[in-house]
Amino acid sequence: MSEMTEKKTVFSGVQPSGNLTIGNYLGAIKNFSRFSEEYKTFYCVVDLHAITVRQVPAELRRRTYETLALYMACGLDADKNTLFVQSHVPQHAELGWILDCYTMFGELSRMTQFKDKSAKHSQNINAGLFTYPALMAADILLYQTDIVPVGIDQKQHLELARDVAMRFNQIYSDTFRIPEGYIPTDTMKIMSLAEPTAKMSKSDPNQNAVVYILDSKDDIMRKFKRAVTDSDSVVRYSEDKPGVSNLMTIYRAFTGKSLDEIEREFDGRGYGEFKLAVGEACADGLAPVRAEFDRLIADKAYLEAVMKKGAEDAYHTARKTMSKVRRKIGFVG
Ligand code: AQP
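Described in the following lines is the structure provided in the data block. (Residues numbered from 1 in each chain as written. Predicted model: local features only at pLDDT ≥ 70, side-chain atom pairs only at ≥ 80, totals over all residues. Heavy atoms only, no water.)

### Section: the pattern of salt bridges
Here the structure, examined in full by the defined rule, presents 19 salt bridges. Measuring nitrogen to oxygen at the nearest pair gives 2.9 Å for the salt bridge that ties Lys80 to Glu37. Of this pair, Lys80 sits in the loop between helix 3 (57-73) and strand 3 (82-85) while Glu37 sits in the loop between helix 1 (22-32) and strand 2 (39-45), placing them 43 residues apart in sequence. For Lys80, a relative accessible area of 43% puts it in the partly exposed group. The class for Glu37 is exposed, based on a relative accessible area of 51%. The closest approach of N and O atoms between Arg177 and Asp146, which form a salt bridge, is 3.2 Å. One end of the pair, Arg177, is in the loop between helix 8 (155-172) and strand 5 (180-182); the other, Asp146, is in the loop between helix 7 (127-142) and strand 4 (147-149), with 31 residues separating them in the sequence. (Salt bridge = Lys/Arg side-chain N within 4 Å of Asp/Glu carboxyl O. Helix = DSSP H or I, 4+ residues; strand = E, 2+ residues; numbered from the N terminus. Buried < 20%, exposed > 50% of the residue type's maximum accessible area, 1.4 Å probe, protein only.)

Rendered as structure tokens:
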């Protein structure tokens, strides 16, 4: 195939830093499979990123398998997508270090994720937490990525990856393709059920604030019943109603209904009924994912085979970019 007709490339990753949430699902993973047919896709379990926050080793290992199984349970066919674990492809760490040297202290200091996470983990503000965006740039640029499907919280990191790529290309001539984000506008940020002005995060210690993809139906129903709304009782999408608006976003994502339709459907019916409907829609939407996950997670040998094949495939592309980078910089051999 000539360079002109080659498939475009998609890359994205999820950290195995906790049980995955409906924020990870609706904001990112659910959208991954739409690229499988027409693009060359690389989906990675980013374990190197996860250790920027302290992890319990046995849990990190378990979640790495689980995240891979969830990718597949959410519709990613291992024969059509390159599914792999970041630490299995050493070029991520190698290019990460190199890009550290082309990323400015001032740029990294402005990253809101660093500010948020260093406030949350004040006992462990390590250098990796600070340089996280340079490693993320390496992940993306290694595969000469065209499109990066992510939630809006990653937009700032993606912009930095583009800036670093342009800087490198300007110094050494064209080396990296400049990636574009793919941020779904209808589910770009799912908020916490307990504190709807904050992002829903897998590492939130308040279990009631977060709906996990693998939660049971009972847990899902209970969490939505308790979700914070407001003292009004009107189901309406509005900036001054963050709790209700978040529930409407979730309901829209699972039912495909528009915001207008949802407002009409619950006109005069109050929050109690609305929350039950959101819980039902979410539980029904996740049920097939959970069933497929249960099947996959029981077959560790298969998951290991997928990881191995994915790493070999990723390595092949990553190696090509790295040899170009090494040559341009002036490394010998
Ligand atoms: N609440 C969210 N709404 C929409 N998208 C979200 N994403 C995360 N939370 C939401 C998207 O999920 C992808 C994977 O995220 P990640 O694992 O790389 O890290 P994160 O963004 O830091 O996710 P969490 O859940 O908040 O993890 P912790 O708690 O470990 O920091 C990304 O595309 C992200 O945009």
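Alright, that's what it looks like, and here's the rest.
### Description of the pairing of strand 2
Strand residues, when the strand is regular, have side chains that alternate between the two faces of the sheet. Extensive coverage of strand 2 is indicated by the burial of five of its seven residues. For strand 1 (residues 8-14) and strand 2, the ladder comprises seven bridges, and the chain directions are parallel. Across the sheet, Thr9 pairs through a bridge with Lys40, a residue of strand 2. For the crossover from strand 1 across helix 1 to strand 2, the handedness is right-handed. Pairing analysis gives four bridges linking strand 2 to strand 3, with the strands arranged parallel. Bridging from a neighbouring strand, Val45 pairs with Val85 of strand 3. (Pairing = 2+ DSSP bridges. Right-handed = clockwise from strand over helix to strand, strands pointing away.)

### What about the packing of helix 10 (residues 242-255) against helix 12 (residues 270-297)?
Contact geometry for helix 10 and helix 12: axes closest at 9 Å, N-to-C directions at 40°. Of the possible angle classes, the one that applies to helix 10 and helix 12 is oblique. As for the relative orientation of helix 10 and helix 12, their crossing is left-handed in sense. Contacts between helix 10 and helix 12 pair Val244, Leu247, Met248, Ile250, Tyr251, Phe254 and Thr255 from the former with Tyr271, Phe274, Lys275, Ala277, Val278, Ala281, Cys282, Gly285 and Leu286 from the latter. (Axes fitted to C-alpha atoms, helices over the stretch in contact; angles between N-to-C directions. Parallel < 35°, antiparallel > 145°, perpendicular 65-115°, else oblique. Left-handed = near helix turned anticlockwise from the far one by under 90°. Contact = heavy atoms within 4.5 Å.)

### Quick look at helix 3
Look at helix 3: 24 Å from first C-alpha to last across 17 residues, which is about the 24 Å you get at 1.5 Å a residue. Among the 17 residues in helix 3, 12 count as buried, and that is most of the element. Turning to helix 3, its buried residues number three or more, namely Leu60, Arg63, Thr64, Tyr65, Glu66, Thr67, Leu68, Ala69, Leu70, Tyr71, Met72 and Ala73. A positive backbone phi angle near 110° is found at Gly75, which sits one or two residues after helix 3. (Expected span 1.5 Å × (residues − 1).)

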